[in-house]
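For reference, the chains in residue letters:
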Amino acid sequence: MSEQVVTRFAPSPTGYLHVGGARTALFNWLLARRAGGVFILRIEDTDQKRNTPTAMQQVMDDLRWLGIEWDEGPEVGGPSGPYLQSQRRDIYDRYVRKLLDEQKTYYCFDTPEQLDALRRRAEAEKKGFAYPRPEQFPDESDAAKARAEGRSVTVRFAVPRSEPLVVRDVVRGVITFAPGEIGDFIIQKSDGFPTYNFACVVDDFLMRITHVIRGQEHLMNTPGQQALWRALFADAPPPKYAHMSVTVSDTGGKLSKRERPKAMRNAIKAMQDISAEALAGIGNISAEEFADFISGKTTPDMVSIDAMAEFLGVQLPEINIVDFFKSGYLPEAVVNFLALLGWNPGDDREIMTVEQLLESFDLSRLTKSNSLFDRKKLLAFNTEHIRMASPEKLIQHFKDYLKLIGSPVLAADDELLSRLIKICEGARTLADIERKSRFLFLKRDEIEYDDKAVEKVLLKNDGLAVLVEVREKFAVTDDFTHGRIETILRSLAEEKQVGLGKVAQPLRVAICGSTISAPIFDSVEMLGKEKTLARIDWTVEFVKGKAQI
RNA sequence: GGCCCCAUCGUCUAGGCAGGUCCAGGACACCGGGUUUUCAACCCGGCAACAGGGGUUCGAAUCCCCUUGGGGCUACCA
C-alpha cells in the first residue's frame, strides 16, 4: 500500500489569513512537502452567516505570499473537488442519509430556547451538557411533519456510549474520554448545511487525508469526529491527528483577530480631544456604531479599524499575514518565525531558510505547551533574513512592498533600488529602507519637517550657520560625488573642531526633514547638487521664519 | 460549573520518553561597555529559570501523586 502523505489546510473564509491559521497551513504544507506528498486547500464555507465574499481570495493571496502553494484546491483543481464545502452538499446529504438509514443518527426538532434551557439545567446541576438522546428516534414522517409545521429540523449523530472514546494524538499521546462525555452533536443544520464536525470527516476521507495538523482548540472535536469516521468508514484507517499548542497574545488569551480592534479602542480612549464624529466619518460608520465600538459592545470591520488607525497614526499590532506584509516583513522571516512557534529542529538553529525547514520538519518535535507571539523576536528574524536575502530576491520583495503601500520610491529604477537597499544595510524591515529613502522622491513641498529635529539640530548649536557654510562649499564644487561630498563635510567638521555629526545632522534635516535617513554622503549624492542646494535654501528660509515667531 | 491540555530564564525553547555527563545550553528581550554621520546594524560583557508540596530512588529539571497557575472546548462557528 502506498503511504503517500496527504495533508490539508481547511480555513473558513471569514477574513484575512491570520498568524494562527498561517502556522497551521505552514505545518501541514511542510509535512506534505517533506514527505513528497500532497497538500490540499479546502474551503470550509458551511456557515452562511459568517462567510465574507472576499475572504477566500484574501486567504489564497496570503498563502501565496508566504510561498505556500497547494496541489489541490480552488484555482488549481484536483481529483477530489470541488474544494469548497458549499459546493459539496449533495455529497454530505448522501452520507447523512446513509447514517439515518442505519439508525446511527436521528432527527431533532428543538428550538434554540429549549436547548438553552437544557444547558442551563446542566450547569445548575454542575454537570457537563450532553444532549439527551431520545429512547426512540423520530422517523421520516415525524421529520416531514415538523418541516410542514415550519419547525427546524436538525440531524444529530448518536455518539457510541458502550466504551470510552480514545484519541491517539501525535503530540499528546493517548487521551481518553469517558462514555457519554461526548454528547450527540449536530451533523446537519436546519438550513441543510453540514456542520464542521461532519463535513470535515467526510472530506478528510474522500480527500484521503493521512495527517491532520491543527490547533489544540480542535482537540475536543476529535473523539466525536473519530467516532463518526468509524460509523461511516469503518474499513478505512482515520488520519493521524496532531494537535498543536495554541499561540497566545502578549495581552493574554488566544491570539485572535480581535487584537487589532482592541488595540484601536485602547488607543482612542487614551487620546485627548479627538472628535468622535470625525473619527466615525473616517471609519465610515455611524456615531452610534462608533459609540458601541468604544464601549466594547461591537466591533466594526477591519477596513474601518485600519482607516481610523491610519488617520490617527496609531500602529496596530500585526495579526493578519497581510499586516506583516504592510509593515515591511519578508515572507521568509514570517515563515521561519511561525515554524518555530511550537516546533524546533532539535538543535540550536533558529534562523532557517524554507529549504532548511523542509529538511528538518518532523511531527515528533512539535511542542506541547502554548507559546506567546513575541513580535520583537520576529523583528530580529526579519533583520537577519533581510541580511541573508539575495539581492535579486530582496529587490523583488522591496518592489512588492512599495507597490502595496503605494510608495513614491516606486519611481526608482532597479539600479537605484539596489543601491538604496545596499546603503540601508542593517535595516530591520523594508519599511525602514523606504522611510530612509522616500525623501529622494518627494517634491520639496511634500517633505514634512519634524519639529523636534528642526529645534534640536538647526535652531540650537549654530546648526543653521553650519548649514549655510555647507551650502557655500557645495555651491562651488562641480564634482558632486560621494567621495567629494565626504571630503567637504569631513574637512568642514575638522576645521570647526567638531564631530561630523554636527555638520551632517543639519544637512540631513535640510534635505529630508528628519534626523533619520540613509547615510548622508550617499543621500546627498543621490539627491544631486541642484536639489540639495534648493532644499538647503528652502530650509534656511523656513527655519528663519520659524525662529522669528 | 463540566471535560481536556499544558507547566525550564521576561519571551521562544534544548534537556524529560531511555533519572547521574545540567550548580541547566541557545536565541530574542533587557542592562553595561565599545564602534559610529542619524536610525539601525555590528562587537564585547552581564543579568536571568527547572511553579509549590509530597513521594520513588544511592541520585530527579527528568518518573508518580496533590496543589497552584495558564490555556482550550463546552454553538444549528469553524
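For the structure, check the block above.
Notes on the structure follow. For clarity, every value in this text was computed on a predicted model and none was experimentally measured.

## Overview of the sheet that holds strand β7 (residues 186-188)
The three strands lie next to each other as β3-β4-β7, forming an open sheet whose pairing is antiparallel. Looking at the sheet topology across the chains shown, the edges are occupied by β3 (105-108) and β7. When the angles between neighbouring strand axes are averaged without regard to direction, this sheet yields 45°. Where β3 lies against strand β4 (residues 154-157), four bridges are found, and the strand directions are antiparallel. Of the residues in β4, the one forming a bridge with Y106 is R156.

## Topic: the pairing of strand β2 (residues 38-41)
Residues V38 and I40 of β2 are buried on one face, and the alternating residues F39 and L41, pointing to the opposite face, are buried as well. Taken together, the four bridges between strand β1 (residues 6-9) and β2 define a ladder with parallel strand orientation. In the sheet register, V6 faces β2, and the bridge partner there is V38. In this view, the connection linking β1 to its parallel neighbour β2 by way of helix α1 (residues 19-34) has right-handed handedness.

## With respect to the protein's contact with RNA strand B
Taken together, the neighbourhood of RNA strand B is formed by 68 residues, with T46, S152, R172, E350 and K436 sitting nearest. Taking the atoms of RNA strand B that fall within 4 Å of the protein, sugar and phosphate contribute 73% of them. Interatomic distance of 3.5 Å between a backbone N/O atom of K126 and a sugar or linking oxygen of RNA strand B. G342 is positioned such that a nitrogen or oxygen atom in its backbone is 3.3 Å from a phosphate oxygen of RNA strand B. Of the residues belonging to the surface near RNA strand B, the class tally is 17 nonpolar, 23 polar and 28 charged.

## Describing helix α2 (residues 55-66)
Taking 1.5 Å as the rise per residue, α2 with 12 residues should run 16 Å; its terminal C-alpha atoms sit 17 Å apart, in good agreement. For α2, the set of buried residues is A55, Q58, V59, M60, D62, L63, W65 and L66. Against the buried residues of α2 lie β1, α1, β2, α12 (321-326) and α13 (331-339). G67 lies just past α2 and shows a positive phi near 90°.

## Notes on the pattern of salt bridges
Any two side chains of opposite charge can pair, given that their charged atoms come close. Tallying each qualifying case throughout the model produces 37 salt bridges. Residue D116 is joined to R120 by a salt bridge in which the shortest nitrogen-to-oxygen separation is 3.8 Å. Here R120 and D116 lie together in helix α4 (residues 112-124), a separation of four residues that amounts to about one turn. When its relative accessible area of 38% is taken as the criterion, D116 is described as partly exposed. Through salt bridges with shared partners, a single ionic network connects R8, R42, E44, R88, D203 and D204.

## Notes on the side chain of D184
Structurally, D184 is set in the loop between β6 (173-177) and β7. Given the relative accessible area of 3%, D184 is considered buried. A polar contact of 2.7 Å, which involves the side chain of D184, links it to the side chain of R133. Each residue touching D184, except ones within four places of it in the same chain, is listed here: Y106, Y131, R133, R156, F157, A158, V159 and R161.

## Examining the nonpolar core
Counting 56 residues, the largest nonpolar core has F398, F474, L489 and L507 as its most contacted members. The element that contributes the greatest number of residues to this core is helix α22 (residues 500-512), accounting for seven residues. Residues contacting L507, with those up to four places away along its chain left out, are L467, V470, F474, L489, I520, V524, T532 and I536. Membership of the second largest hydrophobic core comes to 48 residues, among which are F9, F325, A339 and L366.

## What about the packing of α22 against helix α23 (residues 520-527)?
Axis separation between α22 and α23 bottoms out at 10 Å; the angle between their running directions is 40°. Every pair of crossing elements has a handedness; the one defined by α22 and α23 is left-handed. Contacts from L500, A504, L507, R508 and I511 in α22 reach I520, F521, S523, V524 and L527 in α23. Across the contact of α22 with α23, the residue classes break down as eight nonpolar, one polar and one charged.

## What to know about the packing of aromatic side chains
Under the counting rule described, the total for this entry stands at 17 aromatic pairs. Taking 5.8 Å as the distance between ring centres and 80° as the angle between the ring planes, the aromatic pair formed by F205 and W229 counts as edge-to-face. Taken together, the residues span a long stretch of sequence, with F205 in helix α6 (residues 196-206) and W229 in helix α7 (residues 222-232) at a distance of 24 residues. When its relative accessible area of 4% is taken as the criterion, W229 is described as buried. With a centroid separation of 5.7 Å and 85° between ring planes, the pair formed by F337 and F381 is classed as edge-to-face. Remark: F381 occurs in helix α15 (residues 375-388) and F337 occurs in helix α13; sequence separation between them is 44 residues. Summarising the burial analysis for this pair, F337 and F381 share the class buried. Each member of the aromatic cluster is reached from another via a ring pair, and the members are F324, Y329, F337, F373 and F381. The ring centre of F27 lies 5.8 Å from the NZ or CZ of R23, which sits over that ring. The residue whose ring lies beneath R156 is Y131, and the NZ or CZ to ring-centre distance is 3.7 Å.

About the cut-offs
- Residues numbered from 1 in each chain as written.
- Chains lettered and ligands numbered in written order.
- Predicted model: local features only at pLDDT ≥ 70, side-chain atom pairs only at ≥ 80, totals over all residues.
- Heavy atoms only, no water.
- Pairing = 2+ DSSP bridges.
- Helix = DSSP H or I, 4+ residues; strand = E, 2+ residues; numbered from the N terminus.
- Axes fitted to C-alpha atoms, helices over the stretch in contact; angles between N-to-C directions.
- Buried < 20%, exposed > 50% of the residue type's maximum accessible area, 1.4 Å probe, protein only.
- Right-handed = clockwise from strand over helix to strand, strands pointing away.
- Near = heavy atom within 4 Å.
- Polar contact = N/O pair within 3.5 Å; in protein donor to acceptor, adjacent residues only side chain to side chain.
- Nonpolar A, V, L, I, M, F, W, Y, C, P; charged D, E, K, R; others polar.
- Expected span 1.5 Å × (residues − 1).
- Contact = heavy atoms within 4.5 Å.
- Salt bridge = Lys/Arg side-chain N within 4 Å of Asp/Glu carboxyl O.
- Core = buried A, V, L, I, M, F, W, Y, C linked by side-chain atoms within 4.5 Å.
- Left-handed = near helix turned anticlockwise from the far one by under 90°.
- Phe/Tyr/Trp six-rings, centres within 6.5 Å; stacked < 30°, edge-to-face > 60°.
- Lys NZ or Arg CZ within 6 Å of the ring centre and 35° of its normal.

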